[in-house]
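What follows is each chain in one-letter form.
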Amino acid sequence: AKPRVQMPDYTDAAALNAVEAQLSNYPPLVFAGEARRLKAHLADAGRGNAFLLQGGDCAESFEQFSADGIRDTFKVMLQMAMVLTYGAKVPVIKLGRMA
């Protein structure tokens, strides 16, 4: 296993364990099939057969996080993808980073 990097030190192990236990009961955010498709699409981009558009706010605080913010970011990315698809004449892979 690789060492952890950019990870905070949690001083309350009991609270951390409780949160991890709660999160482990939720469904996954990304499914295996989606990850496999993304990997194939990224390979296309690596070969020059597609364009990767990556955007989002991965470092915002929880106070800044909102459904409206996600919607607005997604809307801008879709608009950018339309322009890129027209200009580059290749598929655009849209990858959002949302914390």
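Residues numbered from 1 in each chain as written. Predicted model: local features only at pLDDT ≥ 70, side-chain atom pairs only at ≥ 80, totals over all residues. Heavy atoms only, no water.

Student: Tell me about unusual backbone geometry, residues and numbers included.
Tutor: Phi is positive for Gln6, close to 55 degrees, though the residue is something other than glycine. On the secondary structure map, Gln6 appears in the segment before helix 1 (13-23). Judged by its relative accessible area of 84%, Gln6 falls in the exposed class. Phi angles above zero are rare outside glycine, and Lys89 is one such case at about 60 degrees. Given a relative accessible area of 64%, Lys89 falls into the exposed group. (Helix = DSSP H or I, 4+ residues; strand = E, 2+ residues; numbered from the N terminus. Buried < 20%, exposed > 50% of the residue type's maximum accessible area, 1.4 Å probe, protein only.)

Student: Give me the lowdown on the side chain of Thr73, citing residues and values where you can.
Tutor: As for its placement among the helices and strands, Thr73 is situated in helix 3 (residues 67-88). The class for Thr73 is buried, based on a relative accessible area of 17%. Residues in contact with Thr73, not counting those within four places in the same chain, are Gly56, Asp57 and Met98. (Contact = heavy atoms within 4.5 Å.)

Student: Explain the pattern of salt bridges residue by residue, including any values.
Tutor: A full pass over the atoms with the stated rule returns three salt bridges. Close ionic contact of Asp44 with Arg47 constitutes a salt bridge, the shortest N to O distance being 2.5 Å. The exposure class assigned to Asp44 is partly exposed, which follows from its relative accessible area of 25%. A relative accessible area of 55% means that Arg47 is categorised as exposed. For Arg71, the salt bridge identified is with Asp72, shortest N-O distance 2.9 Å. Salt bridges here are not isolated pairs; linked through shared partners, they connect Asp68, Arg71 and Asp72. (Salt bridge = Lys/Arg side-chain N within 4 Å of Asp/Glu carboxyl O.)

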